[in-house]
Amino acid sequence: MDQRIRDSFARQSMMATFSARIDEISEGRVVLSAPILEIALQQQGAAHAALSFALGDSAAGYAALTLVPEPQEVMTAEMKINLLAPARGQRLRAVGRVVKPGRRLIIVTADVYAVAGEQETHVALLQGTMVPVAP
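Residues numbered from 1 in each chain as written. Predicted model: local features only at pLDDT ≥ 70, side-chain atom pairs only at ≥ 80, totals over all residues. Heavy atoms only, no water.

Sorry if this is basic, but what is going on with the pairing of strand 2 (residues 29–35) here?
Looking down a regular strand, the side chains alternate between one sheet face and the other. Extensive coverage of strand 2 is indicated by the burial of six of its seven residues. Pairing between strand 1 (residues 21–26) and strand 2: five bridges, direction antiparallel. Residue pairing for strand 2: Ser 26 is matched across the bridge by Arg 29. Counted along the chain from strand 1 to the antiparallel partner strand 2, the turn is two residues long, and its residue Gly 28 has a positive phi close to 80°. In the sheet, strand 2 pairs with strand 4 (residues 91–100) via seven bridges, with the strands oriented antiparallel. When the bridges of strand 4 are listed, Val 31 appears paired with Val 95. (Buried < 20%, exposed > 50% of the residue type's maximum accessible area, 1.4 Å probe, protein only. Helix = DSSP H or I, 4+ residues; strand = E, 2+ residues; numbered from the N terminus. Pairing = 2+ DSSP bridges.)

In structure tokens form, the structure reads like this:
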């Protein structure tokens, strides 16, 4: 399972563009993080919501993939985001988890945190649906 997630993640050029990395993988849970780079800032100096969304969506999707048998993969069918606070700091950390697994629909969430030194601020909450698909 671990290598499957890492191989898939390595093929995501958007995650590579933002220097994202995998921090943890376990059944039904994946943690990703990325530095808040100059290229990902919005006009007020916080990380753009698109970075929070991309990182959260990927973390939730990979959490779902941990529960899907090979060779199936998953794709996002829908995803909602609540932005809770400006994302200021050095890194974003997204914790994706499966709420309810299923054969046709997998309900997922992701919590995104801005990390500034030792302090973490909950900046976004995502909830959505992943769909198993053929490779």
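Would you mind showing me how to read the pattern of salt bridges here?
Here the idea is simple: oppositely charged side chains can pair when their charged atoms come close. Counting across every chain of the model gives four salt bridges. Arg 29 serves as the salt-bridge partner of Glu 24, at 2.7 Å between the closest nitrogen and oxygen. Relative accessible area serves as the criterion here: at 38%, Glu 24 is assigned to the partly exposed category. Among the residues examined, Arg 29 registers a relative accessible area of 31% and is labelled partly exposed. The partner of Arg 93 in a salt bridge is Glu 120, and the shortest N-O contact between them spans 2.9 Å. Residue Arg 93 is located in strand 4, and its partner Glu 120 is located in strand 6 (residues 119–133); the two are separated by 27 residues in the primary sequence. (Salt bridge = Lys/Arg side-chain N within 4 Å of Asp/Glu carboxyl O.)

Sorry, what's going on with the pairing of strand 6 here?
Of the pairings in the sheet, the one linking strand 3 (residues 73–83) to strand 6 comprises ten bridges and is antiparallel in character. Bridging from a neighbouring strand, Met 79 pairs with Gly 128 of strand 6. Sheet topology places strand 5 (residues 106–116) next to strand 6; eleven bridges connect them, and they run antiparallel. Directly across from Val 115, in strand 6, lies its bridge partner Glu 120. Linking strand 5 back to strand 6 in an antiparallel pair, the connection comprises two residues, with Gly 117 at a positive phi of about 65°.

Teacher, can you tell me more about the nonpolar core here?
Inside soluble globular proteins, nonpolar side chains tend to come together where they are buried. Among the nonpolar cores identified, the biggest contains 38 residues, and Leu 55, Leu 92, Ile 106, Val 108 and Met 130 are the most heavily contacted of them. Those elements giving two or more residues to this core turn out to be helix 1 (2–10), strand 1, strand 2, helix 3 (49–65), strand 3, strand 4, strand 5 and strand 6. When residues of this core are assigned to their parent elements, the largest contribution, nine residues, is made by helix 3. (Core = buried A, V, L, I, M, F, W, Y, C linked by side-chain atoms within 4.5 Å.)

How should I be thinking about helix 3 in this particular structure?
The periodicity of an α-helix, 3.6 residues per turn, causes residues three or four places apart in sequence to face the same way. Spanning 17 residues, helix 3 covers 24 Å between terminal C-alpha atoms, matching the ideal 24 Å at 1.5 Å per step. Across the 17 residues of helix 3, 14 count as buried, placing the element largely inside the fold. (Expected span 1.5 Å × (residues − 1).)

What should I look at first to understand the sheet that holds strand 5 in this one?
Think of a sheet as strands paired side by side through backbone hydrogen bonds, with each pair either parallel or antiparallel. The six strands lie next to each other as 1-2-4-5-6-3, forming an open sheet whose pairing is antiparallel. Sheet topology places strand 1 and strand 3 at the edges, where each strand pairs with a single neighbour. Direction aside, neighbouring strands of the sheet carry axes that sit 20° apart on average. Where helix 3 meets the sheet, it contacts strand 2, strand 3, strand 4, strand 5 and strand 6, and its direction lies at approximately 40° from that of strand 4. (Axes fitted to C-alpha atoms, helices over the stretch in contact; angles between N-to-C directions. Contact = heavy atoms within 4.5 Å.)

When you look at helix 1 in this model, what are you seeing that I'm missing?
The complete set of buried residues in helix 1 reads Arg 4, Ile 5, Ser 8 and Phe 9. Projected down its long axis, helix 1 carries its buried residues within an arc of 130°, all on one side. For helix 1, the elements touching its buried residues are helix 2 (13–17), strand 1, strand 2, helix 3 and strand 3. (Arc of directions from axis to C-beta.)

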